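Chain by chain, the residues run as shown.
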Amino acid sequence: MTVEEQNAEEKDRADAEKEHAGAFEGIYDRMPDISVKALDRFILVCVIALIAVVLVGILRANHVF
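Values in this document were obtained by computation on a predicted structure and should not be read as measured data.

A. Up close: the overall build of the protein chain. Summing up its helical and strand segments, the protein chain has two helices and zero strands in all. Looking at the protein chain as a whole, 2% of its 65 residues qualify as buried. Surface exposure of the protein chain reaches about 6200 Å², of which carbon and sulfur atoms provide 62%.

Right, dumping it as C-alpha cells:
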C-alpha cells in the first residue's frame, strides 16, 4: 500500500466519523471568533429565557396573570 492510498483511506475514515458525529460536535471549532465562555453564557441566557416564557404561559393559562 502506498502512502497516497494510506492518506486517502485515513481521509475516508475521518469523513465517515464526521458524518456520525453529534449535532454539537465541533461547534466551538466552527466559531473561532467567539470565546467559549461567551457562547456558553449566550446558551445559558437562551435556556433561562425559554423557561421563563414557558412558566409565564403556564401561569397565564391558569389565570394567575
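B. Structural view of unusual backbone geometry. For His-63, which is not glycine, the phi torsion reads 60° and is therefore positive. Counting through the fold element by element, His-63 comes out in the segment after helix H2 (36-61).

C. Representation of H2 within the structure. The end-to-end C-alpha separation of H2 is 38 Å, in line with the 38 Å expected for 26 residues at 1.5 Å each. The first or second residue beyond H2 is His-63, which carries a positive phi of 60°.

Conventions used here
- Residues numbered from 1 in each chain as written.
- Predicted model: local features only at pLDDT ≥ 70, side-chain atom pairs only at ≥ 80, totals over all residues.
- Heavy atoms only, no water.
- Helix = DSSP H or I, 4+ residues; strand = E, 2+ residues; numbered from the N terminus.
- Buried < 20%, exposed > 50% of the residue type's maximum accessible area, 1.4 Å probe, protein only.
- Areas by Shrake-Rupley, 256 points an atom, 1.4 Å probe, with all protein chains shown as cover.
- Expected span 1.5 Å × (residues − 1).

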